[in-house]
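Geometric and topological summary
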Amino acid sequence: MGDSMNSRSEQLYEKAQHLIPGGVNSPVRAFGAVGGHPFFVERAQGPWLFDVDGNRYLDYVCSWGPGILGHAHPQVAAAVQKASAGGLTFGAPTAGEVELAERINACVPDVEMVRLVSSGTEAVMSAVRVARGYTGREKIIKFAGNYHGHSDGLLVKAGSGLMTQSVPDSAGVPEGYAACTLTAVYNDEESVRALMEENHGQVAAVVVEPVAANMGVVPPKKGFLEFLRRMTKERGALLIFDEVITGFRLGLGGASGYTGVHADLYTFGKIVGGGMPLAAYGGGRDIMSCVAPLGAVYQAGTLSGNPVAVAAGTATLKILMDDPGIYERIDRRAQTLEEAYRSAGLTVNRAGSLLSAFFVPGGKVENYEDACRCDREAFAAYFNWMLARGIYVAPSPFEAMFVSDAHSDELIGETCEAVASYFHGI
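Summary of the structure given here. Not measured: the values here are computed from a predicted model.

Let's shift gears to the pattern of salt bridges. Applying the stated criterion across every chain yields a total of 13 salt bridges. With a closest N to O distance of 3.4 Å, R103 and E99 form a salt bridge. Placement of the pair is R103 and E99 together in helix α3 (residues 95-107), with a separation of 4 residues, close to one helical turn. Of the residues examined, R103 reaches a relative accessible area of 17% and is grouped as buried. The salt bridge involving R329 is made with D323; its shortest N-O contact spans 2.9 Å. Classification of D323 by relative accessible area gives partly exposed; the value is 30%. Salt bridges here are not isolated pairs; linked through shared partners, they connect D323, E328, R329, R332, R333, D405 and D409.

Structure follows, in structure tokens:
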């Protein structure tokens with residue numbers, strides 16, 4: 001893929017390290033788990049990324065999830081161009097915000113009221129605040145390996161980049177924040193029950209990735225989400241589905257449509273913004289009426305409901321709603337990839353078009369501890385081999401592969417051939 005010693009990407013990375021912490025604006029982009037240095041993207045189209053050195057990569061990262069339609073989809077790009085021509089930000093309501101809220105409600109009827117924000121971190125942070133305001137309680141339960149953004153109270157046994165760097169928690173988080181966050185084991189009902197009993201009447205909410213996707217993809221065991229729904233109702237706590245990744249990825253109805261389990265509050269990001277910085281949180285009218293200006297739970301943002309981001313998100317949801325066959329196509333292609341990795345002897349977890357191939361010797365990956373057994377050196381060797389052949393998977397063993405509608409059957413087949421070639425040679 002070119003002479004890395006003289007590459008423009010290497011030059012940019014060297015300069016960036018003097019100006020930006022680690023040379024990147026989000027830790028996992030630094031390639032710390034796989035060695036080497038990141039390539040710098042110049043542009044993207046469909047399933048392809050093109051770097052500043054003229055190399056082309058088949059992209060299975062899809063900007064960590066938003067790219068369900070592929071990059072630079074013409075209808076989404078046109079909507080963004082039209083909106084930006086009319087102004088970039090107003091700090092006042094627009095008709096587009098109402099249309100996007102209507103589409104979210106049409107897809108996920110549980111979300112009777114929704115508030116638009118600018119990032120998944122902000123959405124989950126706000127949903128937790130609403131849960132505390134609504135219940136009058138302070139503590140929350142989360143799960144080891146579930147990542148809910150970088151707000152102080154949720155950086156406890158988190159997944160995603162924290163796992164990649166082997167950092168279980170973050171410096172700079174006061175103990176008081178962490179004390180209100182109780183950590184359970186994903187897919188382990190007894191760990192949740194024990195925390196509920198030990199903290200009787202104090203738990204405001206259980207927040208969960210309904211399909212975990214930040215310690216690799218780890219689907220819920222049969223009955224686990226149903227258990228969380230029963231337990232929270234019995235104990236007067238709310239159930240929050242963090243669907244920043246799974247929302248509109250598992251299907252139009254997100255996790256509730258995919259699993260049949262309904263939460264009290266939902267958070268959405270990535271796809272809901274069509275690739276622009278936009279996220280949302282919402283739920284039943286009675287709960288969301290706690291949010292200012294209707295209620296006492298304060299949350300605000302100058303760029304919330306940004307008209308350009310709203311246009312991108314609305315255009316994306318419109319395409320998905322008009323062509324639900326997209327989900328059948330991307331799920332089928334992801335299944336083909338799953339079969340290729342299984343044939344290579346890897347442990348594979350998949351939920352719809354989300355999948356992870358774990359370099360874990362034998363057995364299942366059902367929680368954080370299982371995922372941590374992964375052979376990081378073996379993953380790094382595989383990552384770099386694939387990248388050298390123009391196939392870009394996440395530079396971390398704890399992130400998902402994303403399949404988009406732009407990944408044709410032919411390209412999926414070529415990827416399967418590459419997987420077979422690599423593992424056959426070991």
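Time to look at the sheet that holds strand β2 (residues 48-51). Read across the sheet, 4 strands follow the order β1-β2-β3-β13 without closing on themselves; strand pairing throughout is mixed. With one partner strand each, in any of the chains shown, β1 (41-45) and β13 (391-392) form the two edges of the open sheet.

Pairing in this open sheet of 3 strands is antiparallel, and the strands run β11-β12-β14 from one edge to the other. Every other strand in the sheet has two partners, leaving β11 (347-351) and β14 (401-402) as the edge strands with one partner each. Examined bridge by bridge, strand β12 (residues 354-358) and β14 share 2 bridges and lie antiparallel to one another. In the sheet register, L355 faces β14, and the bridge partner there is M401. The sheet contacts of helix α12 (residues 325-343) involve β11, β12 and β14, and relative to β11 the element is tilted by about 170°.

Parameters at a glance
- Residues numbered from 1 in each chain as written.
- Predicted model: local features only at pLDDT ≥ 70, side-chain atom pairs only at ≥ 80, totals over all residues.
- Heavy atoms only, no water.
- Salt bridge = Lys/Arg side-chain N within 4 Å of Asp/Glu carboxyl O.
- Helix = DSSP H or I, 4+ residues; strand = E, 2+ residues; numbered from the N terminus.
- Buried < 20%, exposed > 50% of the residue type's maximum accessible area, 1.4 Å probe, protein only.
- Pairing = 2+ DSSP bridges.
- Contact = heavy atoms within 4.5 Å.
- Axes fitted to C-alpha atoms, helices over the stretch in contact; angles between N-to-C directions.

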